[in-house]
Amino acid sequence: MKKLSMVLLVLLIAGSLFAQGAKEDSSAYKIYLITMDQMDQHWVNVDKGAQKAAEELGSVDYKWLAPDVKDDAKQIESINNAVAGGAEAILLAANGPNAVTAALKEAEEAGVTIVYVDSAANFPAVQTLATDNTAAGTTAGEEMLEALKAKGVNAGKIGVISVNSATASTVARETGFRKAFEGTSFEILETQYCNGDAAVSKDMSANFITQGVVGLFGANEGSTVGIGNAIAEAGTSVIGVGFDKSDMILSLIKSGHILATMAQNPDVMGYEGVKTAYRALSGEAISQDYVDTGVSVLTKENL
Amino acid sequence: MVTYIEKPFKRLMGIRGIGQVLTVTAGLVVLSVIFGIMNPIFFSSRNVANLLRQIAPILLIGIGQSYVLITGNIDLSIGSVVGMSTMISATLMTKGVNPWLAVLLTIVACLGVGLSNGLLVSFAKLPPFIATLGTMTIARGIAQIANNNYNTDSIGEAAQGLRDFFYYGKTFGLYNTIWIALVLWIIFNFILTRTKTGRHIYAIGSNAEAARLSGVNLVSTTTKAYLVSAFVSCVVGLITTATSGMGTMDAGNTYELYAVAASVIGGVSTLGGQGMLFGTVIGASIWGVLQNGLQFAGAPVAIRNIVIGIIVVISVLLDVIVRSGKSSRKKRTEASV
């Protein structure tokens, strides 16, 4: 397997050199995108955004390089290969905070500019472009608050379904969600952790509805599907707001059982990431070290 | 007149382990009353219907774990088989396979895990903890690979009949999930208490060597228990698919421990040879009532975990105390003779 991937890599590098030769554009900046894997739609969308920016900018030689599966050793290999392939900038979605720092140090010593997309490592870079989950949670809360006010509901209980108390992203979303209700007469009940299991989330949501909640919040895909199914079964007008974008969630939005879901903007990460790398390579100083790429609020109206 | 009442009572008290079942039944009643007083919604018809439906899956996996525990073994693969079942069935349905054919194929795949568990433990003589730890990891891996490391898409309109059959539909005023659990409980309770297979299961749990010498086939009996466990886990996976309308890879996480808790609280001994499925009903009910009641009481999940943990420990402690009491009494009578 190792041998095969080495052969493939050599072919890939040879191919890329050949392609570059064909282009005969030595002034183009060589920018590589390295993600956690190749399969996830999320990464495919980061790549799409990056491609778009590369086309718009013109003199960019852009390439997406990613391991077949999420694996620290394979991501390090990808970084080394990018450096060997003459990368001038790398957009990286780091597997973990510490796993790839040694490889990044080597890359930096080789003069490579580093920009993080989606998730950063513990190593200085020009900029990080990612979703601010706390802010996204607040956006979700504001959506719910607005919908409740439009219905004339100004007080009541709200239920929260989340994954567990250790996942940083969902904990941040929950914190942000609660923040949106500060100073209102709404009471947010104890969070129910359901491990992202849509069936367990549904049961806990049904209990919340029995308790008479006016709103339900799901912090990830499974949680959101759970609240949607519970609202659909109970046939109530409880306002459901969730996170992530999946086939099942979109169908629950279309059927009117979920009001809105917060979808990350991976294409923005790729697009703005390439632009940042381009500006940095052109010698421009990048003052902003963190960019929140925000979330898109998907509702029945804008689907 | 007195003997007329006493006789069935004495017979009831003569059943091994009945003391703990009666104790936890009383505990269940007390718990329910407390939750009912704390929040009257607890006894609302809507909540009772929901609560019974929430207990059903715990009861089902409890039946499986009880079978295996009574043979003196353990099944750690239950939660992963639930996950595997939901992912395989949902993936097949999203690929356009007829839902009922998907159910059939899923059952076959899950029984494969049960068969492996049984053979690894009884034929290859691996410690059950290790063997089922292995299959637990493998089954979770299969759940993940079923749809290429993603949760599935919606199983769609074509599967609405299946969703109603396993979860959303009602028959005679009760949710179908409750009927499924009830029917399977009656069947498996009958097998355990009224058939040769049932007696063999108790026999190898009490003393495997003695059972073997008296002609009990250890391999087939142990494997049957693991097959029951895999089957009920598979059914819970199908209920999960029906509930969610999709497959989530994390479904069923740690369910094997819920199943141990339901069994042990209900008086099934982890040392084998003892326990009854009525106790498992009570154990599963206590679990469900705590989960539901503590949510109404506004308790954080951490508190619920602590309470359930304490109840599990106390249940096992009761079992140990009763057993040591009995054996010391036995010694005393032997000494006096």
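The rules behind each value
- Residues numbered from 1 in each chain as written.
- Chains lettered and ligands numbered in written order.
- Predicted model: local features only at pLDDT ≥ 70, side-chain atom pairs only at ≥ 80, totals over all residues.
- Heavy atoms only, no water.
- Helix = DSSP H or I, 4+ residues; strand = E, 2+ residues; numbered from the N terminus.
- Buried < 20%, exposed > 50% of the residue type's maximum accessible area, 1.4 Å probe, protein only.
- Areas by Shrake-Rupley, 256 points an atom, 1.4 Å probe, with all protein chains shown as cover.
- Lys, Arg positive; Asp, Glu negative; His and termini not counted.
- Charge placed at Lys NZ, Arg CZ, Asp CG, Glu CD.
- Polar contact = N/O pair within 3.5 Å; in protein donor to acceptor, adjacent residues only side chain to side chain.
- Contact = heavy atoms within 4.5 Å.
- Pairing = 2+ DSSP bridges.
- Right-handed = clockwise from strand over helix to strand, strands pointing away.
- Buried area = accessible area lost by both parts, 1.4 Å probe.
- Salt bridge = Lys/Arg side-chain N within 4 Å of Asp/Glu carboxyl O.
- Axes fitted to C-alpha atoms, helices over the stretch in contact; angles between N-to-C directions.
- Core = buried A, V, L, I, M, F, W, Y, C linked by side-chain atoms within 4.5 Å.

(A) Representation of the overall build of chain A. Scanning chain A from terminus to terminus reveals 10 helices and 13 strands. Seen along its three principal axes, the alpha-carbon backbone of chain A occupies a region of about 65 × 40 × 30 Å. For chain A, the residues scored as buried account for 53% of the 303 residues in total. Roughly 12,700 Å² of accessible area belongs to chain A as shown, and the carbon and sulfur atoms make up 52% of that amount. Separation between the mean location of the 22 positive side-chain charges and that of the 37 negative ones in chain A comes to 3 Å.

(B) Fine view of the side chain of Gln127 of chain A. Residue and element names in this part refer to chain A. As for its placement among the helices and strands, Gln127 is situated in strand S5 (residues 127-130). Separated by 2.7 Å, the side chain of Gln127 and the backbone oxygen of Gln288 make a polar contact. Once you skip the residues sitting within four places of it in the chain, Gln127 turns out to touch Ile114, Val115, Tyr116, Thr276, Ile286, Gln288, Asp289, Tyr290 and Val291.

(C) Geometry of the pairing of strand S7 (residues 185-188) of chain A. All names here are of chain A. Side chains Phe186 and Ile188 project from S7 onto a buried face, and the interleaved Ser185 and Glu187 project onto a face without burial. By the bridge criterion, four bridges tie strand S6 (residues 155-162) to S7 in an arrangement that is parallel. Across the sheet, residue Ala155 finds its bridge partner in S7, namely Ser185. In terms of handedness, the path from S6 via helix H6 (residues 168-180) over to S7 forms a crossover that is right-handed.

(D) Main features of the interface of chain B and chain A. Tallying the contact residues gives 36 residues for chain B and 30 residues for chain A. When the two sides are added together, the surface that chain B and chain A hide from each other amounts to roughly 2,700 Å², 49% of it contributed by carbon and sulfur. A per-residue breakdown of the area chain B buries against chain A is headed by Arg46, Tyr150 and Gln295 of chain B, which together make up 21% of the total. One can count one salt bridge joining chain B with chain A. In this structure, Glu233 of chain A engages Arg53 of chain B in a salt bridge whose closest nitrogen and oxygen atoms are separated by 2.8 Å.

(E) Structural detail: unusual backbone geometry. Residue and element names in this part refer to chain B. One non-glycine residue, Asn148, lies in the positive phi region at around 55 degrees. Position of Asn148 relative to the elements: it lies in the loop between helix H6 (128-146) and helix H7 (160-168). The residue Phe172 is not glycine, and still its phi comes out positive at about 50 degrees. With respect to the secondary-structure elements, Phe172 resides in the loop between strand S1 (170-171) and strand S2 (174-175). Judged by its relative accessible area of 79%, Phe172 falls in the exposed class.

(F) Region of the structure containing the sheet that holds S5 of chain A. Residues and elements named next belong to chain A. An order of S2-S1-S3-S4-S5-S12 is seen for the six strands of this open sheet, with the pairing classed as parallel. Two strands bound the open sheet, and with one partner strand each, they are strand S2 (60-65) and strand S12 (290-292). Across this sheet, the average inter-strand angle for adjacent strands is 20 degrees, counted without regard to direction. For S5 and S12, the ladder comprises three bridges, and the chain directions are parallel. From the neighbouring strand, Ala130 faces S12, where its bridge partner is Asp292.

(G) Quick peek at the nonpolar core. All names here are of chain B. Grouped together as the largest cluster of nonpolar side chains are 105 residues, with contacts concentrated most on Leu60, Tyr67 and Phe166. Element by element, the count of residues in this core is highest for helix H3 (residues 45-70), at 12 residues. For Tyr67, the contacting residues outside a window of four places in its chain are Phe188, Ile191, Leu192, Ile201, Ala225, Val228 and Leu277.

(H) Structural view of the environment of Thr128 of chain A. Residue and element names in this part refer to chain A. Summarising the element assignment, Thr128 is placed in strand S5. For the pair formed by Thr128 and Leu91, sequence separation is 37 residues and the distance between their alpha carbons is 9.4 Å. Residues in contact with Thr128, not counting those within four places in the same chain, are Tyr116, Ala120, Asp289, Tyr290 and Val291.

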